[in-house]
Amino acid sequence: MSILTNAQRYDTFCETKNNHYFCGVLTVKTVARILILTDPIGKPSYAPRLRYLCDYLAKQGYDLAVYTEQIEDTLPFEHTYPINYWRIYRNSRDWAVKSLWSLLTDWRNRQFTQRVRQGIADQQFDLIFCTTFSTFPLPTAAALANERHIPWIADIRDVDEQIAGAQYQSHRQWFLRPFRQWYSRQNIRRRDRTLQTANAVITVSPWHVQFLEKITPAPVTLIYNGFAPETYRFEAVQSSEFIISYIGRLYDFQQEAAQCIRKAVDELGLPDVQLRFIHSGLTNAQVAQEINRSSIMLVLTSEKTHGMMTTKFYEALGCEKPVLCIPSDHGALADTISETNAGIASGNSEQIKLFIRSRYEEWKRNGYTHQNVINKNRFSRLTEAHQFEDCIRHSAGL
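Cut-off values and rules
Residues numbered from 1 in each chain as written. Predicted model: local features only at pLDDT ≥ 70, side-chain atom pairs only at ≥ 80, totals over all residues. Heavy atoms only, no water. Phe/Tyr/Trp six-rings, centres within 6.5 Å; stacked < 30°, edge-to-face > 60°. Helix = DSSP H or I, 4+ residues; strand = E, 2+ residues; numbered from the N terminus. Buried < 20%, exposed > 50% of the residue type's maximum accessible area, 1.4 Å probe, protein only. Lys NZ or Arg CZ within 6 Å of the ring centre and 35° of its normal. Core = buried A, V, L, I, M, F, W, Y, C linked by side-chain atoms within 4.5 Å. Contact = heavy atoms within 4.5 Å. Pairing = 2+ DSSP bridges. Axes fitted to C-alpha atoms, helices over the stretch in contact; angles between N-to-C directions. Polar contact = N/O pair within 3.5 Å; in protein donor to acceptor, adjacent residues only side chain to side chain. Parallel < 35°, antiparallel > 145°, perpendicular 65-115°, else oblique. Nonpolar A, V, L, I, M, F, W, Y, C, P; charged D, E, K, R; others polar. Expected span 1.5 Å × (residues − 1).

Engineer: Would you take a moment to explain the packing of aromatic side chains for this structure?
Structural biologist: Aromatic ring pairs are reported here in terms of the distance separating the ring centres and the angle at which the planes meet. Applying the stated criterion across every chain yields a total of 16 aromatic pairs. When the centroid spacing of 6.1 Å and the interplanar angle of 45° are considered together, the rings of Y246 and F277 count as tilted. With Y246 in strand β10 (residues 242-247) and F277 in strand β11 (residues 273-278), this residue pair connects regions lying 31 residues apart in the sequence. Taken as a pair, Y246 and F277 share a single burial class, namely buried. Cluster of aromatic residues (ring-pair linked, three or more members): Y67, W86, F112 and F136. One Lys or Arg, R262, reaches over the ring of F277 and ends 4.7 Å from the middle of that ring.

Engineer: Teacher, can you tell me more about the nonpolar core here?
Structural biologist: Among soluble globular proteins, nonpolar side chains are generally buried collectively. Membership of the largest hydrophobic core comes to 55 residues, with the highest contact counts inside it found for I34 and F129. Not counting chain neighbours up to four residues away, the residues in contact with F129 comprise I34, L35, I36, L37, L50, L53, I153, D155, I202 and F388.

Engineer: Just to check I follow, could you spell out the sheet that holds β11 for this structure?
Structural biologist: Overall, parallel pairing links the five strands, which are arranged β11-β10-β12-β13-β14 in an open sheet. The open sheet is flanked by β11 and β14 (343-345), the only strands paired with a single partner. Looking at each pair of strands side by side, their axes are set apart by 20° on average, direction ignored. Two strands pair when backbone bridges link them, and strand β12 (residues 296-300) and strand β13 (residues 323-326) are joined in this way by four bridges, in the parallel orientation. Looking at the pairing, L300 lines up with I326 of β13. Relative to β14, helix α10 (residues 332-339) is tilted by about 155°, and along the sheet it contacts β12, β13 and β14.

Engineer: Can you help me understand the environment of K376 in this one?
Structural biologist: The residue K376 is located in the loop between α11 (349-366) and α12 (381-396) in this model. Overall, K376 belongs to the buried group, its relative accessible area being 17%. Along the primary structure K376 and T340 are separated by 36 residues, whereas in three dimensions their C-alpha atoms are 6.8 Å apart. Among residues more than four places away in sequence, those in contact with K376 are F227, L317, G318 and E320. One polar contact links the side chain of K376 to the main-chain carbonyl oxygen of G318, over a distance of 2.8 Å.

Engineer: I'm lost on the packing of helix α1 (residues 48-59) against α12 in this one. Help?
Structural biologist: Helices that pack against each other are described as a pair by the angle of their axes relative to one another and the distance between those axes. Closest axis-to-axis distance for the α1/α12 pair is 10 Å, and the angle between their directions is 70°. Comparing their axes, α12 and α1 come out roughly perpendicular. In contact with P48, R49, Y52, L53, Y56 and L57 of α1, α12 contributes R381, L382, A385, H386, F388, E389 and I392. Its residues placed into classes, the contact of α1 with α12 shows nine nonpolar, one polar and three charged.

Engineer: Quick question: what am I supposed to make of the environment of A228 here?
Structural biologist: Tracing the sequence through the fold places A228 in the loop between β9 (220-222) and β10. Given a relative accessible area of 15%, A228 falls into the buried group. Separated by 90 residues in the primary sequence, A228 and G318 place their C-alpha atoms 7.9 Å from one another.

Engineer: When you look at unusual backbone geometry in this model, what are you seeing that I'm missing?
Structural biologist: Phi is mostly negative for residues that are not glycine, and the peptide bonds are mostly trans. Cis geometry marks the peptide bond from F136 to P137, where omega comes out at 0°. Looking at the secondary structure, you find P137 in the loop between β6 (127-132) and α4 (138-148). Along the chain, I326 connects to P327 via a cis peptide bond; the corresponding omega equals -15°. Within the secondary structure, P327 is located in the loop between β13 and α10. The phi dihedral of H149 is positive, around 55°, even though this residue is not glycine. Residue position: H149 is located in the loop between α4 and β7 (152-156).

Engineer: How should the environment of I278 be read in this particular structure?
Structural biologist: Position of I278 relative to the elements: it lies in strand β11. Each residue touching I278, except ones within four places of it in the same chain, is listed here: Y246, I247, G248 and E290.

Engineer: Please explain α12 as it appears in this structure.
Structural biologist: For an α-helix, the turn length of 3.6 residues means that residues three or four places apart are oriented alike. Helix length check: α12 (16 residues) gives 22 Å between terminal C-alpha atoms against 22 Å at 1.5 Å per residue, within 8%. Every buried residue belonging to α12 is among R381, E384, A385, F388, E389, C391, I392, R393 and S395, and all of these are buried. Measuring from the backbone nitrogen of L382 back to the side-chain oxygen at the start of α12 gives 3.1 Å, which picks out S380 as the cap. Once α12 finishes, G397 follows within two positions and takes phi at roughly 70°, a positive value.

On their own, these measurements won't tell you what the molecule is for.
Here it is in C-alpha cells:
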C-alpha cells in the first residue's frame, strides 16, 4: 500500500470480502501547503475574512503557516494553524523614523521578507496567499514566490484610489496628512509594480475588479466580504426602544451622511427613538447581539467613494435587519441592497424619513423588525471559502 503524504487529505474505508476484513484509504484530493502573508491582525474583529478562510482550509486538511506583523501582545482567538508575528515598530517615534525610511527604501517590506525567509527556510510550500488593505506585504509575497518558483495570489481588500485622498486611512492629525498622501503615492507605485507578477488577484467588489484589471495581467476574481453564518443570524429580540444603529469607526468622508440621519430623526420627532453610533471595539458575538437588538442598521458612505462595501452591511444582511444606506453610492453597494431586498440606499431626506417611519410602525406592532432578505447565503463566508479554495487549487495546479 502506498503511503500518502501530509499534502493529501484522505478518508478511511473498511469492507468485508470472503469473510476477510479489509481497511485502507480513499484519496479525496491532493491539498496544498500554503504560506499566508497578511497585514496586521488587530481589533476590532481580528481579520474575519482571513480567519474564516484559514479555519476552513485547516479543517479541509491544508497545511497553513501564517506570517504577519505584531501590533498586540496576544491574539485572543483560537487557531489550529501556526501564526508567526513580531513587532516592526517599538513605539511612535520608532514608527515615524522607520516609516520615513520605508518611504525611501521600502524598509518595512524588506525587513518582513527577511524575517519570513528565515522562518520558512526548511519548509516547502505549494503556493503563497497574501491579503492586504494596502501594499504591505505584497512585495514579500512576490519576492518569496520568485525565489521558490511557486505561484502566489494577492487578495486586495482596499485600494487607496477608492476614495479621494485615501481618507479612510488618513491620520487625524492634520500635519501628518501630507506625509500620508506622499506615502500613499509611493505605495500605489509599489503595489502596481508588484501585482505584475501575481498569478491571480482576488478583490471585494465589481468596481475593484474593473480597477485592478487595468493594473495586472493576472485574472481578477470577485469574492465579496461577507458574514459568518454561525454568528450572524436572525433572532427576534424585542426592544423597548426603536434603535437605529451605526457600528464601526466613523471616518471624515461619512460625516455628511451622519448629519443627514441626525436631521431626519429630529424632523420625524417620533417617541422612543434612539440613534446610536457605536465606535468602541466589540467582539463578533457582541456585534451580532447589537444588530439583532436594533430596528435599523445604518451604512454611511459617500457619493465620492468607489466599491466600498462595509462588512457591517453583510452582517446586517446575515441578521436580516433593515439596512438604511446614506447616501446611495449608485454602484455595487446600492445594487446589492436592491438585489437582496436588504433595505434602501438613498440620500433623499423624504425617502429616508418614509423608510424610518415604516419600520417604526413595524416595531410598534411586533417589538422588533425583520427584513425578508433574498439569497443572503451568497454572501456567507462559508460560500466564499469555497470560492477561495477553488482559486487556490486552480493557481496551485491541484
